[in-house]
Amino acid sequence: LEPGWNLIGQPFPYAISWDNVAQANPHADIDGPWVENEGLHLARIWQPWHGAWIYSNSNLPTSFEIPAGDTVLAEIMPDTTLLSRMPASLAQQGVWELNDSFLLVISAETVDNSVEDVAVGWNESALDQWDALDVLSPPAVDSSLILRLVHDDWIEQPGTYAIDIREPAGGGVWKLSLLTTEMDPVDLRFDFLDELPAGIRADLIDVMTQDSVRLDQGITTYRVRDLA
């Protein structure tokens, strides 16, 4: 693996568990596998021959082992839910049910295309700067509709992210980037999987049009008017 993103193929004619790959490489600082399945997702099950994006946090070329013989007999479709993309320490039941936490999932859709969720939130285990709870987004396979969280301001691991979790505070701003080559309207969907703490409100600010939209505790849809 080269430093950063690598696109590699699963070499076996049967599905394998990424958990077993991780266990076989305890000293490798890698994230993945991001696979294409109606949008990019982190997969726990890696299908035969499928390509995947793997991220290496090392500054030097490194290698890792994909163990053979790990036939998966259970459910083999990639888990595309948001919590499957969270670090294992946060993907447990009830981890977001904290007094000061919230979790907001954002997705985009046009007439012919859609991109799966990115997410922002607060959690007691998170830091305001980059930490292990923040998930980098891989290069887009289809560039016609891209939704990303932008962090060029971070000294460590600057770039674009799929998940940005911070420590609870009195306020905060997340920068969301929407890129499209389509002419169709784009609808943004905001879905609170864990509600805002008491006394906290959330607003979407469209910097292109200066629109301001209050995000309800349930689901809010906003149609982007200026696609520039």
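Rules behind the numbers
Residues numbered from 1 in each chain as written. Predicted model: local features only at pLDDT ≥ 70, side-chain atom pairs only at ≥ 80, totals over all residues. Heavy atoms only, no water. Salt bridge = Lys/Arg side-chain N within 4 Å of Asp/Glu carboxyl O. Core = buried A, V, L, I, M, F, W, Y, C linked by side-chain atoms within 4.5 Å. Buried < 20%, exposed > 50% of the residue type's maximum accessible area, 1.4 Å probe, protein only. Helix = DSSP H or I, 4+ residues; strand = E, 2+ residues; numbered from the N terminus. Contact = heavy atoms within 4.5 Å. Phe/Tyr/Trp six-rings, centres within 6.5 Å; stacked < 30°, edge-to-face > 60°.

Caption draft 1: Representation of the pattern of salt bridges. Under the defined criterion, the tally for this structure stands at five salt bridges. Salt bridges sharing common partners tie together Arg201, Asp203 and Arg214.

Caption draft 2: Local environment of the nonpolar core. If you look at the biggest cluster of nonpolar residues, it comprises 25 residues, and the most contacted ones within it are Leu104 and Phe190. Of all the secondary-structure elements, those providing two or more residues to this core are strand 7 (102-109), strand 8 (114-122), strand 10 (145-151), strand 13 (186-194) and strand 16 (219-224). With residues up to four places along the chain from it excluded, the contact list for leucine 104 reads Val118, Ala119, Val120, Phe190, Asp191, Phe192 and Leu215. Formed by 13 residues, the second largest nonpolar core is a distinct cluster that contains Leu1, Val21, Ile30 and Phe64.

Caption draft 3: Seen up close, the side chain of serine 107. Positionally, serine 107 belongs in strand 7. Sequence-distant contacts of serine 107, that is, excluding residues within four places in its chain, are made with Val115, Glu116, Asp117, Leu147, Asp187, Leu188 and Arg189.

Caption draft 4: Spatial organisation of the packing of aromatic side chains. For the structure shown, the criterion picks out nine aromatic pairs. On the basis of an interplanar angle of 65° and a centroid distance of 4.9 Å, the ring pair of tryptophan 5 and tyrosine 55 is categorised as edge-to-face. Linking tryptophan 5 in strand 1 (residues 4-9) with tyrosine 55 in strand 6 (residues 51-56), this pair joins segments that are 50 residues apart in sequence. The exposure class assigned to tryptophan 5 is partly exposed, which follows from its relative accessible area of 23%. Its relative accessible area of 13% is what places tyrosine 55 among the buried residues. Arranged with centres 6.0 Å apart and planes meeting at 85°, the rings of phenylalanine 102 and tryptophan 174 form a pair that is edge-to-face.

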